[in-house]
Amino acid sequence: MTQALLSLRGVTKRYGSIHANSGVDLDVLPGAIHAILGENGAGKSTLMKLIYGVEAPDEGELFWQGEAREIESPAIARRLGIGMVFQHFSLFETLTVVENVSLLVPGAKKDLTERIRKLGREFGLEVDPLSHVYALSVGERQRVEIIRCLMVDPKLLILDEPTSVLPPQAVDLLFETLRKLSARGVSILFISHKLEEIRSICTHATILRGGKVTGTVTPKNFDAQALAAMMIGRDMPQLLSDTPDKRGEDRQHLSALSLASEDPFGVSLQDISLRVSAGEILGVAGVSGNGQSELAAVISGETPLPKRLQSKLTMLGREAGALNPAARRALGFAFVPEDRLGQGAVPELSLVKNAILTGHRRGMVRNGVIRHPRAEAFAQDCIATNDVRTPGPRAEAGSLSGGNLQKFIIGRELMLEPKLIFLNQPTWGVDIGAATAIRKRLIELRNAGCAILVISEDLEELFALTDAMQVLSEGRLSPRFTTSETVPEDIGRAMIGASGGAVL
Amino acid sequence: MRLPKLVRRERASLPVLIAAPVLALAIAALGNLVLYAAIGVNPVAVFHAMLIEPFASYFSMSEILLKAGPLLLSAQGLAIGFRAKIFNIGAEGQFVLGAICASAIPVYMPQASGPWIWPAMLLLGALGGSAWAAITAFWRVRLNANEILVSLMLSFVSLQLLIYLLLGPWKDPMALNFPHSVRFQFDALLPILLPGTRVNVSLLLALLVTVAAWFFVQRSFAGYQLEVGGLAPNAARYAGYSQNGAIWLSLLIGGFAAGLAGAAEVAGPVGQLQRSISTGYGYAAIIVAYLGGLHPIGIVFSAFLLSTLYIGGDNAMVSAGLPIAAVNVFQGSLLLAYLIAATFVRRRLVWPQRTRA
Amino acid sequence: MTNTPNRRNFIAGASVATMVAALGAQARAATADDPLIVTLIIPSPVADVGWGLALFEALETVNADYGEAMQLSVVENIYEGPDADRIMNKAVADGTKFLVAGSFGYQNGAMQIARRNPDVTVLHASGFMVAPNFSPFAAQYSQGTYLMGMAAAALSKTGKLGSVSAFAIPELITSLNAFVLGAQRINPDIELSIVWLNSWFDPAKAQEATAALVAQDCDVLFSNAQDTPSVVAKAEELGVYSFNLNSSMKDYAPNTYLGCVLTDWSPFFRASIEAHLAGSFEGQSAFLGVGDAVVRVVDWSADIPADIMAQIMEVEAGIADGSFSPFTGPIMKADGSEGVAAGVTMTDAEVIGMDWHVQGVTTPLPG
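Thresholds, definitions, all that
- Residues numbered from 1 in each chain as written.
- Chains lettered and ligands numbered in written order.
- Predicted model: local features only at pLDDT ≥ 70, side-chain atom pairs only at ≥ 80, totals over all residues.
- Heavy atoms only, no water.
- Helix = DSSP H or I, 4+ residues; strand = E, 2+ residues; numbered from the N terminus.
- Buried < 20%, exposed > 50% of the residue type's maximum accessible area, 1.4 Å probe, protein only.
- Areas by Shrake-Rupley, 256 points an atom, 1.4 Å probe, with all protein chains shown as cover.
- Contact = heavy atoms within 4.5 Å.
- Core = buried A, V, L, I, M, F, W, Y, C linked by side-chain atoms within 4.5 Å.
- Buried area = accessible area lost by both parts, 1.4 Å probe.
- Salt bridge = Lys/Arg side-chain N within 4 Å of Asp/Glu carboxyl O.
- Polar contact = N/O pair within 3.5 Å; in protein donor to acceptor, adjacent residues only side chain to side chain.
- Phe/Tyr/Trp six-rings, centres within 6.5 Å; stacked < 30°, edge-to-face > 60°.
- Lys NZ or Arg CZ within 6 Å of the ring centre and 35° of its normal.
- Nonpolar A, V, L, I, M, F, W, Y, C, P; charged D, E, K, R; others polar.
- Domains from an automatic or database assignment.
- Axes fitted to C-alpha atoms, helices over the stretch in contact; angles between N-to-C directions.
- Parallel < 35°, antiparallel > 145°, perpendicular 65-115°, else oblique.
- Left-handed = near helix turned anticlockwise from the far one by under 90°.
- Pairing = 2+ DSSP bridges.
- Patch = residues over 30% accessible without salt bridge, like charges linked within 9 Å, V, L, I, M, F, W, Y side chains within 5 Å.

Q: Tell me about the overall build of chain A, and please be specific about residues and values.
A: Within chain A, the secondary structure is distributed over 16 helices and 23 strands. Residues counted as buried form 58% of the 504 residues belonging to chain A. Carbon and sulfur atoms make up 51% of the accessible area of chain A, which totals about 19,500 Å².

Q: Tell me about the arrangement of the chains, and please be specific about residues and values.
A: Counting contacts across all 2 pairs of chains found in contact, the highest total belongs to chains A and B. Between chain A and chain C there is no contact, and the shortest C-alpha to C-alpha separation is 36 Å.

Q: So what about the nonpolar core? Which residues, and what values?
A: Counting residues in each nonpolar core, the largest one holds 101 residues, and the members touching the most others are B:Leu273, C:Ile41 and C:Met88. Discounting residues that sit within four places of it in the chain, B:Leu273 has contacts with B:Ala99, B:Ile100, B:Ser103, B:Leu162, B:Leu166, B:Trp170, B:His180, B:Ser181, B:Phe184 and B:Val266.

Q: Quick rundown of the interface of chain B and chain C? Include the residues and the values.
A: In this complex, chain B contributes 33 residues to the contact, which on the side of chain C involves 35 residues. Buried surface at the junction of chain B and chain C, both sides included, amounts to about 3,000 Å², of which 60% is carbon and sulfur. Looking only at chain B, the three residues that lose the most surface to chain C are B:Phe178, B:Arg275 and B:Val318, adding up to 21% of its buried area. One can count 6 salt bridges joining chain B with chain C. When the shortest N-O distance is used, the salt bridge between B:Glu53 and C:Lys90 registers 2.4 Å. At the boundary of chain B with chain C, the tally comes to 10 residue pairs in polar contact (both at pLDDT 80 or more). Within the residue set of the side of chain B that touches chain C, elements represented by two or more residues are helix H3 (58-83), helix H6 (147-167), helix H10 (243-270) and helix H12 (296-320) of chain B. In terms of residues, the side of chain B that touches chain C owes the most to one element, H12(B), which gives 6 residues.

Q: Break down the environment of B:Ala126 for me, with residues and values.
A: Residues and elements named next belong to chain B. Along the chain, Ala126 falls in helix H5 (residues 117-143). On the accessibility criterion, Ala126 (0% relative accessible area) is buried. Here the alpha-carbon distance between Ala126 and Ala264, two residues 138 residues apart in the chain, equals 9.5 Å. Residue contacts for Ala126: discarding those within four places in its chain leaves Gly255, Phe256, Gly259 and Leu260.

Q: Describe the packing of aromatic side chains, with residues and values.
A: Overall, the coordinates contain 26 aromatic pairs over all chains when judged by the stated rule. Consider the rings of B:Tyr108 and B:Trp170, whose centres lie 5.6 Å apart with planes at 90°: the pair is edge-to-face. Residue B:Tyr108 is found in helix H4 (residues 91-108), and its partner B:Trp170 is found in the loop between H6 and helix H7 (202-219); the two are separated by 62 residues along the sequence. Among the aromatic residues, ring-to-ring pairing joins C:Trp51, C:Phe137, C:Trp265, C:Phe268 and C:Phe269 into one connected group. Of note, A:Arg329 hangs over the ring of B:Tyr238, and the distance from its end group to the ring centre comes to 4.8 Å.

Q: Go over the interface of chain A and chain B with me, naming the residues and quoting the values.
A: Each partner contributes residues to the interface: chain A has 35 residues there, and chain B has 24 residues. Regarding the contact of chain A and chain B, the summed buried area is about 2,600 Å², with carbon and sulfur atoms giving 55% of it. Linking chain A to chain B there are 1 salt bridge. Where chain A touches chain B, the interface holds 12 residue pairs in polar contact (both at pLDDT 80 or more). Contributing elements (two or more residues each) for the side of chain A that touches chain B: strand S4 (59-64), helix H10 (325-331), strand S16 (333-336), helix H11 (351-359), strand S18 (369-370) and helix H13 (402-415) of chain A. Take the side of chain A that touches chain B: its biggest share by element is 5 residues, from H11(A). In the side of chain A that touches chain B, the residues fall into 14 nonpolar, 10 polar and 11 charged.

Q: If you had to explain unusual backbone geometry to someone new, which residues and values would you point to?
A: All names here are of chain C. With an omega of 5°, the peptide bond between Gly329 and Pro330 qualifies as cis. The residue Pro330 is located in the loop between helix H11 (306-321) and strand S13 (331-332) in this model. Even without a glycine there, the phi angle at Asp299 is positive, about 55°. If you trace the backbone, Asp299 turns up in the loop between strand S12 (295-298) and H11. Residue Asp299 is classed as partly exposed on the basis of its relative accessible area, which comes to 31%.

Q: Could you give me a rundown of the domain arrangement of chain C, with the residues and numbers involved?
A: Residues and elements named next belong to chain C. Along its sequence, chain C is carved into domain 1 (7-140 + 264-292) and domain 2 (142-263 + 295-352). Using only C-alpha atoms to locate each centre, domain 1 and domain 2 end up separated by 28 Å. Contacts between the two partners involve 21 residues from domain 1, matched on the other side by 23 residues from domain 2. A combined buried area of about 2,000 Å² lies between domain 1 and domain 2, and 55% of that area is made up of carbon and sulfur atoms.

Q: Go over the packing of H4(B) against H6(B) with me, naming the residues and quoting the values.
A: All names here are of chain B. Where H4 contacts H6, the two axes come as close as 7 Å, and the packing angle between them is 25°. Classified by the angle their axes make, H4 and H6 are roughly parallel. Judged by the sense of rotation from one axis to the other, the crossing of H4 with H6 is left-handed. Residues Glu92, Gly93, Val96, Leu97 and Ile100 of H4 lie in contact with H6, whose contacting residues are Ser155, Ser158, Leu159, Leu161, Leu162 and Leu165. Split by residue class, the contact of H4 with H6 holds 7 nonpolar, 3 polar and 1 charged.

Q: Which residues make up the domain arrangement of chain A, and what values do they have?
A: The extent of an interface is frequently quoted as the accessible surface area lost upon association of the parts. Residues and elements named next belong to chain A. Domain parsing of chain A yields domain 1 (6-232), domain 2 (245-332 + 418-504) and domain 3 (340-416). Contacts between the two partners involve 16 residues from domain 2 and, on the opposite side, 13 residues from domain 3. Overall, the association of domain 2 and domain 3 removes approximately 1,200 Å² of surface from exposure, summing both partners, and the carbon and sulfur fraction of that is 59%. Together, Arg329, Pro418 and Arg441 form the three largest contributors to the area buried by domain 2 at its contact with domain 3, with a combined 39%. Here domain 2 is connected to domain 3 by 1 salt bridge.

Q: Mind laying out the side chain of B:Ser276, listing which residues take part and the relevant values?
A: Here B:Ser276 is to be found in the loop between H10 and helix H11 (281-291). Engagement of the side chain of B:Ser276 in a polar contact is seen with the backbone oxygen of C:Glu80, the distance being 2.5 Å. Residues in contact with B:Ser276, not counting those within four places in the same chain, are C:Tyr79 and C:Glu80.

Q: I'd love a proper account of the sheet that holds strand S6 (residues 82-85) of chain A, names of residues and values included.
A: All names here are of chain A. On the basis of which strands lie adjacent, the open sheet formed by 6 strands has the order S6-S7-S8-S3-S9-S10 and mixed pairing. Across the chains shown, the open sheet's two edge strands, defined by having one partner strand only, are S6 and strand S10 (212-217). Each strand of the sheet is rotated relative to its neighbour by a mean of 15°, with strand direction disregarded. The sheet contacts of helix H1 (residues 44-52) involve strand S3 (33-37), S6, strand S7 (156-160), strand S8 (187-191) and strand S9 (204-209), and relative to S6 the element is tilted by about 145°.

Q: Lay out a nonpolar patch on the surface in plain terms, naming residues and giving numbers.
A: All names here are of chain B. Residues Leu6, Leu336, Ile340, Phe344 and Leu349 make up a contiguous nonpolar surface patch of roughly 450 Å² in combined accessible area. Considering every element that reaches the nonpolar patch, the biggest residue donor is helix H13 (residues 324-346), with 3 residues. Its location among the elements puts Ile340 in helix H13.

Right under this line is the structure:
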């Protein structure tokens, strides 16, 4: 057997009384594409942080190319040849792409710019090196992260949910890249919930549950159902059968809206029309950076519409273009934003206080005074009904894992009993168990007569969830596809269609 | 290289809570010993003057209360804005406007009497402070003008306004052109709270404002909205909380409190409008607010700490013959040591652990 | 005016007190272990130059004579207001029996102390209130600035003088008026522009104001009551003459320094302290000048023409013996009306309260 590039023996990490990792053994062989599978809170992210030197293990040993090593900081990890793309990005928003890269990669800015363009073309990770990060969508930011790692020629590349923001064609390109890297002897640690992906590309898979390793397998030898069962320790929850009821009245209507972006790096919306009815889920497909953020801001009310355009948007039977987000909520509208930390929730505040954020209308405030018991009961209820894993309602939102926080936010919005709900990337970075639970809730809600609008980059999700789809590409929205009569290739074509493939 | 990291403590332990300020004091004191030895001043006399004398008598303790009052008032108002990340740096100007507006009554009605005068002066002063802060709020909302710069610059404008009034229309006609107003009549002075001292009812007001600030921060929905706006502006926008509303509210509250403090100062120990009504209270209040962790209760402690330091410093000049520069060094080093100690109350140093190798 | 004692009376009275005190010299020595505590309180730091330094040095000079029998304590940088009141109270509680309140703004607090503590003697700078144990004191800077005006007019090529001044209070207005009157004695058409800083100590603003005045063609500058050498140093840099009050700043302008209207308070302080110790102190307004050896002009520039210098010396002698006053009519006000009729000399009280500018001052009074 060849010498492992990286080996872990009995690695344990505790946070207070919680064992995030407990006695983990792991061997990553040179050139392996090694999946780490596990639910939210299974300890995947912690394990990666230990390997990348962000955290130090409490017990256990780490061997790099056969030698016992301590990795005290990410700088040391990088020097050894370990690169990592985090789930939450570590980019400075006020700097440009190339400036962000130059923080970690030596070299003249001009050369770096050229290399970024070249890598982008090679791996389908195109991004303008001179644009500012704040103007990039989540998807584009991840591309920058991946490029940044590839630039230092790593021996081991850690990817935390890398494919979740890429369109199917780009995923194929990325996989091609990963295979090339693997052929050159670079090992890849790959965290994903997309079991089909893991089966198609990974040579090894280590499965974590509750911080412990429950098995290391060759994923090709198992089907997705079996892998999922190993991961969550029980059978996969099934989605409700997809039987749309008769559509009800129109709940939201956006007609021929064109809106120039004020941000020089933003995408202008052109001639956008959509309609969501009661008892219907409409999906907006497409890759981030094609106007998703802009469209979301228009629908949520964060971008107020100029006067001449106000009549273009109606919600729940009222002209809503002039209404701010609070006024729209008062009509029965709810919104789950793309960004969980800092938009959907305040990381420094407890779940109780985060419940008040949008839930304050539900009896939590009287005469301008907050009624904490009510808020706490609401938060408690939200935690219980949505299976949010947390020590309790007084835990800070920032201490929850991404998936659990998303469950809390969606749960909170659903508890407002909306007649119209809009979700932007509802399951991005959420593990399969949680994502399934979220989708199940949405379908129940749809069946109860709610109108639902979902923006997502995850085609699998949109096909499993929606009744109809439209594709957003370069600020234009395609005509409506009825999901049951459509195949992914149609959507893929629509994604490329408008732009002649420039997105890829 | 092994560098220790600062890790947040889950809960501050009580011994640490008590040890931190004591340790800070000890470290600062030791550092300054060297200085005193170098300039030939008796360190025992200095420490006695700075740290014991302020508490040595009823009168000197009352002076701490007197000086803490305006600091406490101004800082409570500022902290509310700072929590919302709206940086009103111009409390000094709002303080001066408060003093000017309050003085209008005794200046224009020097003969008036009655128990309504001093309350009316305080109210007028608070409104004056708010109005001055409103200028900043208006331009911030209207043109997105930076509130730090506008409020700070307005402080200098307010000083010119004060000097104009004192050299011109409000000059005491009996004072041979010296720049001050008439002495206020008895009814325009705040009632004394502690007999035999200069502590007046404004201290009660400051405590009342503290309670109100606590309630506002902890319990009110408006306070909650400001907090969200400060911690996560995107979340506030997402929830539909008005950013402009937050700017107005923060600045009006800050101006109100600083204006009240200014009014209480002219109607209290000063007793007339003059050139120097503020010893930089508006700026010191910024330190007080942050030293108190922007928390209403913490600010009470920091206001008294700073007040004690100021008075102790003056004492050290009077009784220990310490030059002003050395006083400033002591005050500065004590604050610095305290801030470092306070960091360790909430955090601890963790050295990277050695794995078995 | 009967209630304003003449300065010479004051010093004479103090001299009698000195003799009385001399008789009690042994008594003083006997109480050497219980020294007289003298406290000076001033609004700015005791710096290398300026008003605070002048007061401090004078007290130190007196202290040197008394040795162990006197203990001097200085409290600097104290705002005029509640803080000053507290500190003066504290000083008195700590045993201070002789208090020098070095700024006009301390007047109310210092007067309260005098009323409550009859055994404490208070000297108060620049004020107008008097009590048995409370004397206001002020320098007749005008006697010196009048002489400076003569020199300035002789050296000015543009006929424009400038001044960077602290506050528009009578003491400073008087100095400026005398400066103009002295200059008009040499050049009747000369003019004066003033920048009021509203600060005793603001180096940055003082420099800016200096540059602004020079830009307006002023070529002799008067740094009026500035506790910073900024004006003098900047004037040197810009190549124009300048002078100042209180203590010499020649080091800051070796080439263009016109001179210094020096104040030496030690004769006054010595007399007052001796009177206090003898129990014969009597509060009265002390308005002291060249004749009292309190005001002196020193460091005269070598550039002043010899004939002008001779005239200056002559006038100085006249001021010292009382035969000449800068404020003898006819004097016209800046607004064109008559200030002092021909042949009439303003009384000290009138000078102390002067709140108008003489003709030739182009900048109106603020307020």
